[in-house]
Amino acid sequence: MIARVATEVSVGRLFDYRVPDALAPRLAVGQRVRVPFGGRTLSAYVVALDERDAAPAPGPSDLFGMSDRSDGSDRSDVSRPERLRAILAIEDETPFLSPVLLELARWMADYTCATYELALRCMLPAAVRNRTVKAKERLYVTPCEGTFDLTPRQAELLANLRRVGGGWLNSLTREFACTPQTLKTLAEKGAAVIAARQMRRDPLANRTVLPTRPLPLMPEQAAALAQVIAAVDAGAVARGAKAGGADGPSANAAQGSDSESGARASPPAGETSSDLPATVHASAFAGGDARAPDLVHVRAPAPPKPVLLFGVTGSGKTEVYLQAIAHALQRGLGAIVLVPEIALTPQTVQRFASRFGARIAVLHSALSDGERYDEWHRIRNGEAVVVVGPRSAVFAPVRNLGLIVVDEEHEPSYKQDEAPRYNARDAAVMRGWMERCAVVLGSATPAMESWLNVEKGKYVVAYLTRRVAGRPMPRVNIVDMRVETAKAGHVQIFSGVLLEALKLRLERGEQSILFLNRRGYATSLVCPKCGAVAECPSCSVAYTYHQADTCLRCHICGGWRPVPETCPGCGDPAFKFTGFGTQRVEIALKRCFPQAQVLRMDADVTARKNSHDELLAVFKSGRADILIGTQMIAKGLDFPNVTLVGVLAADASLHMPDFRAAERTYQLLAQVSGRAGRAELPGEVFVQTFSPDHPAVRAAASDEGFAPFAAAELAERRSGGYPPYTHLVCVTCKGPDEAKVRFVAESVERGLRRALAGTNVLLSEACPAPLAKAKDHYRYQLLLRAPTARAITRPLRALLAGTRLAPDVALAIDVDALSLM
């Protein structure tokens, strides 16, 4: 038997190993094994098995179908099984990766121009890959039934043990005021059993979670739930037909061969896969160029179309999710709920934990390694069947997956910013297609890609146009800050109407939220005499002044320096702070309302674990009157007593050098406005802007809703040839030597122009990126647009395979890029 494996080292190839006879009966696809690799031993994951003694025919060796031999010669002389090195051991009998996840990794690597090994790595938390993290074991005491020869104190202790049903040794000694030896004496007399047991590191251990019951649904909610349940049921039928369908998956058939140091390398993905059906199109599939993995070639009923749950803020989307998941659990199916990292608040987690109890698992970056290890293994073992987490949770090894929910599906934080640069929304749609399960994309402000897919019939839509219990939407007021500035003679933090509204809420005992997507005290330090700006020497951005520690900080590289006493350019001591951030807003607010209790929530005050929980708990309990924050307060929060939201600088994202600036601004304004008036008390919103007539600002304040804004935005994108009507690929070259970076970028541009001659691919010139320098690395960009991503990625791979980059110049490929900075 021959096993094809992906090693921990990302070399862009898979390797074949001989399976010893002793391991063959136990070896399975997805297991982690130990293999010899060069002069060392590595962990690797089995991605395919070949039962034959003879090796498969020789073939290409890298991920993209290109030989690693420059002369293209055949290397079948080393493809004989006796030349292969043997697998050393199986590290874990239970597979780490299911066949579907292996195929998802193949698609992801192919689509994002990443290596298969990197795609596999992102499917497993570092705590799981890292063998230094182990299960936590502690001594557990279990009482025995029967009569024993005990002293009165021991008899009392045994009675208490039976009353509580046993427990951890250390906890029992505190609870019963005894020593460990006293309990061990009970065990010696046969009255108890003390044995090591795995102790779960529970991320919800210190939270009080009270069970809740399903809430009555509004008519629109009930209709939306019926659509989602129909999709779950259709997926279950499709899964059953697929499981009992024709020839099984081809994942166990090793294909292609090559060798390296006694291990044969091969491509993880073939080029013969059939096209996905038209029903499966997120941004990654909008051009119809994505390929279906070999695993799903069986003839089976098509999976259900993704459902876009399009509901205004406060319309009860979460309750629809909860009841849909409950239906899936009744059918013996599992579920994954994806939420943006910034919206993964205690409120969000608690809603799901209160409904599903111990069946829920949480996966996110704030967990300790031990917590992540335990949660992931609970999912793999089937103890947890509902998973809540940010983008990486889309790869959770949920058994019998029946439903994937992507909440706030428009959020750019679903896009990974390092290789493989996947979008979790697209990965969820693809996994749903592979698993034949329902996918629900929820948002009050859908992404343009998703809305276009609704218009094309690739998604179905469920509408929630009213808030729960018929509550009114908040009244949105646009404040022209040009007028306010003219009145005061300088730029104001707060307009007069906003200050009056804040005063009124304080008098009523109601709460307010102020939103500003800038942290720090001042956005720059400027010399009024010569105009010099304090800039970070490692990045092409100005320092931000932080008053809390009286220093200048760079928000790109994290570097800092003391505030200079005089201008480095002209020596003038009269530096001027310009702009304002959340720290300055907090100080100004306390001066305006000294009696108010003010909280600030941004990255500077939430670095400590559980700090989010503590701040939000204070605000929810009513111990604070006003909450100031960045985008982390713009969504996922539901405070009944909040009746006022103030957006202090709506222009912050409006004039970015990005064709999505209007869409992002509209989404942010609509989302943060939705924090007001979510209970019985009506809400009001004040949007402060210097661009009051901009379509995005007007649309966010309008009663007409999202559809007119989307129609205008899509028309503009179509005329300009921008996504979602095309695919955008951003190629970034970066390195410490600007001349080398520019040379590499221009060389790649020349090569691409030759390769793309006569095609419909649009290619920009190589030029400095908007963020021209970051962390001492200069950055140049190339932008490519085409109706299909494959029209770009195929020639790009071919070019890069034959291009040797300068050793200190790195190249990053971002397919369907969301950030052009």
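None of these values were measured; they are calculated from a predicted model. (Residues numbered from 1 in each chain as written. Predicted model: local features only at pLDDT ≥ 70, side-chain atom pairs only at ≥ 80, totals over all residues. Heavy atoms only, no water.)

**Student:** An account of helix α9 (residues 346–356) is needed here, citing residue identities and associated values.
**Tutor:** Since the α-helix advances by 3.6 residues per turn, residues separated by three or four positions end up pointing in the same direction. For α9, the tally of buried residues reaches 9 of 11 residues, placing the bulk of the element in the interior. Burial in α9 covers these residues: Pro-346, Gln-347, Thr-348, Val-349, Phe-352, Ala-353, Ser-354, Arg-355 and Phe-356. On the buried face of α9, the contacting elements are α8 (317–330), β11 (334–338), β12 (360–362), β13 (386–389) and α16 (611–620). Of the residues trailing α9, Gly-357 is marked for its positive phi of about 55°. (Buried < 20%, exposed > 50% of the residue type's maximum accessible area, 1.4 Å probe, protein only. Helix = DSSP H or I, 4+ residues; strand = E, 2+ residues; numbered from the N terminus. Contact = heavy atoms within 4.5 Å.)

**Student:** Kindly report on the pattern of salt bridges, identifying the contributing residues and their values.
**Tutor:** Once the charged atoms of two side chains with opposite charge are near each other, the side chains can pair. According to the stated counting rule, one finds 44 salt bridges in the structure shown. One salt bridge connects Arg-378 with Glu-375, and the closest N-O pair in it is separated by 3.2 Å. One end of the pair, Arg-378, and the other, Glu-375, are both in helix α10 (residues 369–380), 3 residues apart, so they sit about a helical turn from each other. For Arg-378, a relative accessible area of 6% puts it in the buried group. For Arg-425, the salt bridge goes to Glu-409, with nearest N and O atoms at 3.3 Å. Note that Arg-425 is positioned in helix α11 (residues 424–435) and Glu-409 in the loop between β14 (401–407) and α11, a separation of 16 residues in sequence. For Arg-425, a relative accessible area of 4% puts it in the buried group. Exposure remark for Glu-409: the relative accessible area of 1% places this residue in the buried category. Through salt bridges that share partners, Arg-200, Asp-202, Glu-375, Arg-378 and Glu-383 make up one connected network. (Salt bridge = Lys/Arg side-chain N within 4 Å of Asp/Glu carboxyl O.)

**Student:** Please provide a residue-by-residue account of the confidence of the model for the protein chain, values included.
**Tutor:** Per-chain confidence: the protein chain averages 86 in pLDDT, with 88% of residues scoring 70 or above. Low pLDDT, under 50, characterises residues 244–298; the predicted model gives this stretch 184 contacts beyond four residues in sequence or across chains. (pLDDT = per-residue confidence, 0-100.)

**Student:** Run through the packing of aromatic side chains, naming residues and quoting values.
**Tutor:** One pass over the structure, following the stated rule, counts 17 aromatic pairs. Each ring, one from Tyr-521 and one from Tyr-545, has its centre 5.6 Å from the other, and the planes form 85°; the classification is edge-to-face. Of this pair, Tyr-521 sits in the loop between β18 (511–515) and β19 (524–526) while Tyr-545 is found in strand β20 (residues 544–546), placing the two residues 24 residues apart along the sequence. Residue class for Tyr-521 comes out buried when judged on its relative accessible area of 12%. Cluster of aromatic residues (ring-pair linked, three or more members): Phe-310, Trp-451, Tyr-463, Tyr-666, Phe-706 and Phe-709. Over the ring of Phe-96 we find Arg-380, and its NZ or CZ is 4.7 Å from the ring centre. Across from the ring centre of Tyr-722, 4.3 Å away, lies the NZ or CZ of Arg-785, which sits over that ring. (Phe/Tyr/Trp six-rings, centres within 6.5 Å; stacked < 30°, edge-to-face > 60°. Lys NZ or Arg CZ within 6 Å of the ring centre and 35° of its normal.)

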